[in-house]
Amino acid sequence: MKKLLFTCSLLFSSALLYSCTSPELNESDNAQACNVGNVKLTTDFATGRMDSCKRVADNEFLITLIPEINKTNAPINSSPWYAFQVQAEQATTIKVTMLVQGDKHRYPPKISQNGTTWKLQPYKLNGERLVMNIDASNNAVYIAGQEIINNEYYDDWAKTLLAKTSISYDLLGESTQGRPIYKIESKGSSNEWLVILGRQHPPEVTGALALFPFVETILSNSELAASFREKYNVLVIPNINPDGVQAGNWRHNANGYDLNRDWIDFNQIETRQINAYLEQLVARGQKIKFAVDFHSTKSNVFYTMPVDYGVENAYFVRHWLGDLDRKMPDVEVVLKPGNNPDQAVAKQYFSDKFGVHAITYEMGDNTDRQEIKDIAFNASNLLMANMLSDVDHNKE
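Conventions adopted
Residues numbered from 1 in each chain as written. Predicted model: local features only at pLDDT ≥ 70, side-chain atom pairs only at ≥ 80, totals over all residues. Heavy atoms only, no water. UniProt positions renumbered as here; feature names shortened; annotations may be inferred. Phe/Tyr/Trp six-rings, centres within 6.5 Å; stacked < 30°, edge-to-face > 60°. Helix = DSSP H or I, 4+ residues; strand = E, 2+ residues; numbered from the N terminus. Buried < 20%, exposed > 50% of the residue type's maximum accessible area, 1.4 Å probe, protein only. Pairing = 2+ DSSP bridges. Core = buried A, V, L, I, M, F, W, Y, C linked by side-chain atoms within 4.5 Å. Contact = heavy atoms within 4.5 Å. Axes fitted to C-alpha atoms, helices over the stretch in contact; angles between N-to-C directions. Parallel < 35°, antiparallel > 145°, perpendicular 65-115°, else oblique. Nonpolar A, V, L, I, M, F, W, Y, C, P; charged D, E, K, R; others polar.

- Under an unreviewed UniProt entry, the chain has the name M14 family metallopeptidase and belongs to Thalassotalea fonticola.
- Word for word, the UniProt comment on the chain under Cofactor (unreviewed entry) is "Zn(2+)".

Here it is as structure tokens:
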């Protein structure tokens, strides 16, 4: 039997920045420069982004990815997002080269005929250049760093849940640009709440791919889920950053702020509204019991609070994720305990403000999609089982 893996590190580490010195980087800042001729590369859809596009030869294109403005003037985590559509008047093969300004590539390209079904697009990395040949025709194809999950997808998903389960689906507030931020709620008989957050960082799609089955399992008709919802209240805010999702931002909201660094000062309306709503719940005698914040990174990892941090049920997360480790012997369950009060991340916020455990649930960018679902299904069931159990979570 494998051992549950614990590692100690900073909650997040800044990626090294790579300089791209090619003079071609500044030759065009018009993403629509490739929207002419027999072959067109376009971004006129939700999440679409390629920043700069230049036709360098017949059927050859250079795309430059440029990060959004960072109001803190500090390096953002490396997340160069791209999504564009390719269409040709006559069938042909085109060559696309992509560069990242001041950074390096993170997401291997994926291709879709319909925006729903995706597969890996063959490519090569030549130093700082990602190069791929794409078969273009009158039937447009999408190329993107990850599967496209836009704001409309969340709305459709929530309405599907609403048709199957006794939940509420309501407006929590509005984003910087006035887009709706919705909440899903299930009410139990106690005053204790499980809080689930998602999509603070727009390109972190595997976090969304984990959140969906995780929540669906909690809201399912299984005996365990029904017992859990009978006792506990559930609050899900699945898409905190709809402006960033719409724009295809690497990391930020519409104001150029990283929302997962705003859980102390609440400078941004998105985090401020969530904090206000949770404060209202507590003011009415409700209690935050546990929180899960879904993200993506290079590999699967669960960022946790240290057991000696002083939160309630100090060993609860170890018990839960230890059960997950035993349930899935072929999956490495990695725990990274950390206490970073100055980083203003959601996990720390829940622990400091409400005195309870919270985790950052990270799925690897390239983790097998079925494995993401399997982990989420088991993690969700085991979380409910542990929250309902009589086990003393203050003991190891």
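Here the narrative resumes.
### A look at the packing of aromatic side chains
Step number 1: By the definition in use, this model includes 19 aromatic pairs.
Step number 2: Ring centres of Phe214 and Phe294 lie 5.2 Å apart, and the angle between their planes is 70 degrees; on these two criteria the pair is classed as edge-to-face. Of the two residues, Phe214 is situated in helix α2 (residues 205-218) and Phe294 in strand β16 (residues 287-297); the sequence distance between them amounts to 80 residues.
Step number 3: Overall, the relative accessible area of 0% leaves Phe214 in the buried class.
Step number 4: Seen in terms of ring centroids, Tyr349 and Phe350 are 5.0 Å apart; in terms of plane orientation they differ by 75 degrees. Their pairing is edge-to-face. Assigned by exposure class, Tyr349 and Phe350 land together as buried.
Step number 5: Chaining the aromatic ring pairs together yields one cluster made of Trp263, Phe266, Tyr349, Phe350 and Phe354.

### Thoughts on the pairing of strand β19 (residues 358-364)
Step number 1: Counting buried positions along β19 yields seven of seven residues, so the element is predominantly enclosed.
Step number 2: Here β19 shows two buried faces, one formed by Ala358, Thr360, Glu362 and Gly364 and the other by Ile359, Tyr361 and Met363.
Step number 3: Bridge analysis of β16 against β19 gives seven bridges, and the strand direction is parallel. Bridge pairing in β19 links Ser296 to Met363.
Step number 4: Of the strand pairs in this sheet, strand β17 (residues 301-304) and β19 are connected by three bridges, and their pairing is antiparallel. Paired with Tyr303 across the strands is Thr360, a residue of β19.

### Topic: the nonpolar core
Step number 1: Grouped together as the largest cluster of nonpolar side chains are 48 residues, with contacts concentrated most on Phe214, Phe290 and Tyr361.
Step number 2: Setting aside residues no more than four positions away along its own chain, Phe290 makes contact with Trp193, Leu194, Val195, Phe316, Val317, Trp320, Val356, His357, Ala358, Ile359, Leu383 and Met387.
Step number 3: Formed by 31 residues, the second largest nonpolar core is a distinct cluster that contains Phe61, Val141, Ile148 and Trp250.

### Section: the sheet that holds strand β11 (residues 141-144)
Step number 1: As summarised here, the arrangement of the five strands in space is β2-β5-β11-β7-β8, forming an open sheet in which the pairing is antiparallel. Both outer strands of the open sheet, β2 (39-42) and β8 (119-120), are each paired with one neighbouring strand and no more.
Step number 2: Pairing of strand β5 (residues 83-88) with β11 involves four bridges; the strand directions are antiparallel. Bridging across to β11, Phe84 finds its partner in Ile143.

### Concerning the packing of helix α1 (residues 151-164) against α2
Step number 1: Interhelical geometry of α1 versus α2 gives an angle of 10 degrees and a closest axis separation of 12 Å. Overall, the two elements α1 and α2 adopt an arrangement that is roughly parallel. Facing Tyr153, Tyr154, Trp157 and Leu161 of α1, the residues of α2 in contact are Ala208, Leu211, Phe212, Val215 and Glu216.
Step number 2: When grouped by side-chain class, the residues that make up the contact of α1 with α2 number eight nonpolar, no polar and one charged.

### Concerning the pairing of strand β12 (residues 168-174)
Step number 1: For β12 and strand β13 (residues 180-186), the ladder comprises six bridges, and the chain directions are antiparallel. What sits directly across from Asp170, in β13, is Lys183.
Step number 2: The hairpin formed by β12 and β13 contains five residues between the paired strands, and Gly178 there has a positive phi angle of roughly 85 degrees.

### Looking at the UniProt feature "domain: Peptidase M14" (unreviewed entry) in the chain
Step number 1: The sites that carry the UniProt feature "domain: Peptidase M14" (unreviewed entry) are, in the present numbering, residues 147-396.
Step number 2: This span, residues 147-396, is 40% helix and 21% strand, and a straight line between its end C-alpha atoms measures 40 Å.

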